[in-house]
Amino acid sequence: MSEPIKQRTPAPILDIANVGKVFDLNGRPIHALKDVNLQIQKGEFICLIGASGCGKSTLLRIMGGFESVSTGQARLYHSPITEPGPERGMVFQDYGLFPWLTVRENIAFGPRQRGLPQARLKELTDHYLNMVGLGRFEGHFPSQLSGGMKQRVSIARVLANDCEVLLMDEPFGALDALTREVLQKELLDIWHKTRLTVIFVTHAVEEAVLMADRVVVMTAGPGRVERDYTIPLERPRRITSPEFNRVREELTDMLSSHVAHHAKAH
């Protein structure tokens, strides 16, 4: 009798193996991360949550190639991450737009640097302008836009670079509640259409439960992965449902206990 065929798990798009990060502060070592292990499959939406100072942003910057590891290894597929690359796009809370370029020019910047033909450049820019609903504002400069519109441009600019991984560091943290809610829905819509891999740092438990396939809970002192929690809710999710609130309460309790434990330890 033949052996049953075993299904092979695809290689993770991001593999964080025993990663540690130590910063030097006036000759004193600051341990930001220690023995962080995390595997992310292509197309997943992952949220990183934890108290301030737990290393969420540091881990994201390591994935983006903006910080090097002190120990362990961060890999994209099978290749060590040693520098930024166009396949990984970073979206920050402060937008990071070029103030002297229009909306269209900001979105087209990356593809233009790659030397795309003019017709293809226009087609690509039009596509992402429409995807984020900013076609009517293509000639505006960042100073003429609201915070939500600036963040849409920032997301479109990254998408236009044909990235595979979208790294987002509290991208909606500075926005008002209504704009934040709109952009959460728009980002989920973009994710459904593109099937990008998204790693999203947030302080808000509700935002993490609404957006993520998995929520990675990190603890401080130094930062470690305490829990890798798969969200057991179908999409679309309603924040008013009893099931949603049960998951939110469980994650909130987990975070609260970590903060209390860290405070006692210090």
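Data block above holds the structure.
Notes on the packing of aromatic side chains
A complete count under the given rule lists five aromatic pairs for this structure. Relative to Phe-200, the ring of Phe-45 has its centre 6.0 Å away and its plane inclined at 40°; by these criteria the two rings are tilted. Taken together, the positions of Phe-45 in strand β3 (residues 45-49) and Phe-200 in strand β8 (residues 197-201) put the pair 155 residues apart, joining distant regions of the chain. Given a relative accessible area of 0%, Phe-45 falls into the buried group. For Phe-200, a relative accessible area of 0% translates into the label buried. Connected via pairs of aromatic rings, a cluster forms that spans Phe-45, Phe-172, Trp-191 and Phe-200.

Let's talk about helix α1 (residues 56-64)
The element α1 is extensively covered by neighbouring structure, given that seven of its nine residues are classed as buried. When we look at burial in α1, the residues that qualify are Lys-56, Thr-58, Leu-59, Leu-60, Ile-62, Met-63 and Gly-64.

Describing the sheet that holds β3
Strands sit in the order β6-β7-β8-β3-β9-β10 across an open sheet of six strands; the sheet is mixed. The open sheet has two edge strands, β6 (88-91) and β10 (224-230), and neither has a second partner. The average angle at which neighbouring strand axes cross in this sheet is 20°, direction not considered. With four bridges connecting them, β3 and β8 associate as parallel partners. The residue bridging Leu-48 from the neighbouring strand is Val-201, located in β8. Contacting β6 and β7 (165-169), helix α4 (residues 147-160) crosses the sheet at an angle of about 170° to β6.

Looking at the sheet that holds strand β1 (residues 14-25)
Taking strand neighbours across the sheet as the criterion, the four strands line up as β2-β1-β4-β5 in an open arrangement whose pairing is antiparallel. The open sheet terminates on both sides in strands that have one partner only, identified here as β2 (28-40) and β5 (79-80). Looking at chain direction, β1 and strand β4 (residues 71-76) are connected through five bridges and run antiparallel. Across the sheet, residue Ala-17 finds its bridge partner in β4, namely Gln-73.

What counts as what
Residues numbered from 1 in each chain as written. Predicted model: local features only at pLDDT ≥ 70, side-chain atom pairs only at ≥ 80, totals over all residues. Heavy atoms only, no water. Phe/Tyr/Trp six-rings, centres within 6.5 Å; stacked < 30°, edge-to-face > 60°. Helix = DSSP H or I, 4+ residues; strand = E, 2+ residues; numbered from the N terminus. Buried < 20%, exposed > 50% of the residue type's maximum accessible area, 1.4 Å probe, protein only. Pairing = 2+ DSSP bridges. Axes fitted to C-alpha atoms, helices over the stretch in contact; angles between N-to-C directions. Contact = heavy atoms within 4.5 Å.

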